[in-house]
Amino acid sequence: MPVLALLLLGVFAEVAVMVAVGNAIGGLWMIALLLVGTLVGLSLVRRQGAHAVAALRESVLRRQQPHQEMADGMLIAAAGALIMVPGFLSDVVALFLLFPPTRRIVSRRVARRAEAAALKFEHERRFGAGQVVEGEVVDAEPVIIADRRELT
């Protein structure tokens, strides 16, 4: 439910910004600006995507965990999707994700979360998921049953 509310809020914000820009510069200029933004954004996505693929390949060849490179690739793909959505706010967020210094901040956070999730998954795979029950071991004398009756 919060994701749907956030998505609706984003749509309303995009429409409000497009109306404001359309009133300020005119409808045709607004459409032209959206098209230019999309074309420039797609060329940036293509270039940054190529860099991300090369970094991923290099990381795999060095036999390292490619967490950072995978996060970068995911963020570049998200930026590509946001560029294709018509609107100025989504283009700003996409450019934020395409600019390497700001993308690095977001991708480090994504990579840390992915590593934590992988460690949790591995721990649950080995030891099982469940609650830990506190207790103590009590040594007692063994019970010996000397008289055994048959059930009839």
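This text goes with the structure placed above it.
Here is a short report on the structure shown in this document. Just so it is clear, the model here is predicted, and its values are computed rather than measured. (Residues numbered from 1 in each chain as written. Predicted model: local features only at pLDDT ≥ 70, side-chain atom pairs only at ≥ 80, totals over all residues. Heavy atoms only, no water.)

**Focus: the side chain of aspartate 72**
Item 1. Secondary-structure assignment places aspartate 72 in helix H3 (residues 67-84).
Item 2. At a separation of 3.3 Å, a polar atom in the side chain of aspartate 72 contacts the side chain of arginine 104.
Item 3. Polar side-chain contacts of aspartate 72 include one of 2.9 Å to the side chain of serine 107.
Item 4. Not counting residues up to four positions away in its chain, the partners in contact with aspartate 72 are Arg103, Arg104 and Ser107. (Helix = DSSP H or I, 4+ residues; strand = E, 2+ residues; numbered from the N terminus. Polar contact = N/O pair within 3.5 Å; in protein donor to acceptor, adjacent residues only side chain to side chain. Contact = heavy atoms within 4.5 Å.)

**Things to note about the pattern of salt bridges**
Item 1. Within this structure, the stated rule accounts for 5 salt bridges.
Item 2. Note that arginine 62 and glutamate 58 form a salt bridge whose closest N and O atoms lie 3.6 Å from each other.
Item 3. The partly exposed category is assigned to glutamate 58, whose relative accessible area is 40%.
Item 4. Members of the salt-bridge network, linked through shared partners, are Asp72, Arg103 and Arg104. (Salt bridge = Lys/Arg side-chain N within 4 Å of Asp/Glu carboxyl O. Buried < 20%, exposed > 50% of the residue type's maximum accessible area, 1.4 Å probe, protein only.)

**Notes on the side chain of serine 90**
Item 1. You can see serine 90 is positioned in helix H4 (residues 88-98).
Item 2. Within the local environment of serine 90, its side chain forms a polar contact with the backbone oxygen of leucine 82, the two atoms lying 3.4 Å apart.
Item 3. For serine 90, the residues in contact, after removing those within four places along its chain, are Glu14, Leu82 and Val85.

**Section: the nonpolar core**
Item 1. Listed in full, the 9 residues of the largest apolar core are Val45, Ala52, Leu75, Ile76, Ala79, Ile83, Ala94, Leu97 and Leu98.
Item 2. Those elements that place two or more of their residues in this core are helix H2 (27-61), H3 and H4.
Item 3. Ranked by residue count, the leading element in this core is H3, at 4 residues.
Item 4. Contacts of alanine 79, omitting those with residues within four sequence positions, involve Val45, Ala94, Leu97 and Leu98. (Core = buried A, V, L, I, M, F, W, Y, C linked by side-chain atoms within 4.5 Å.)

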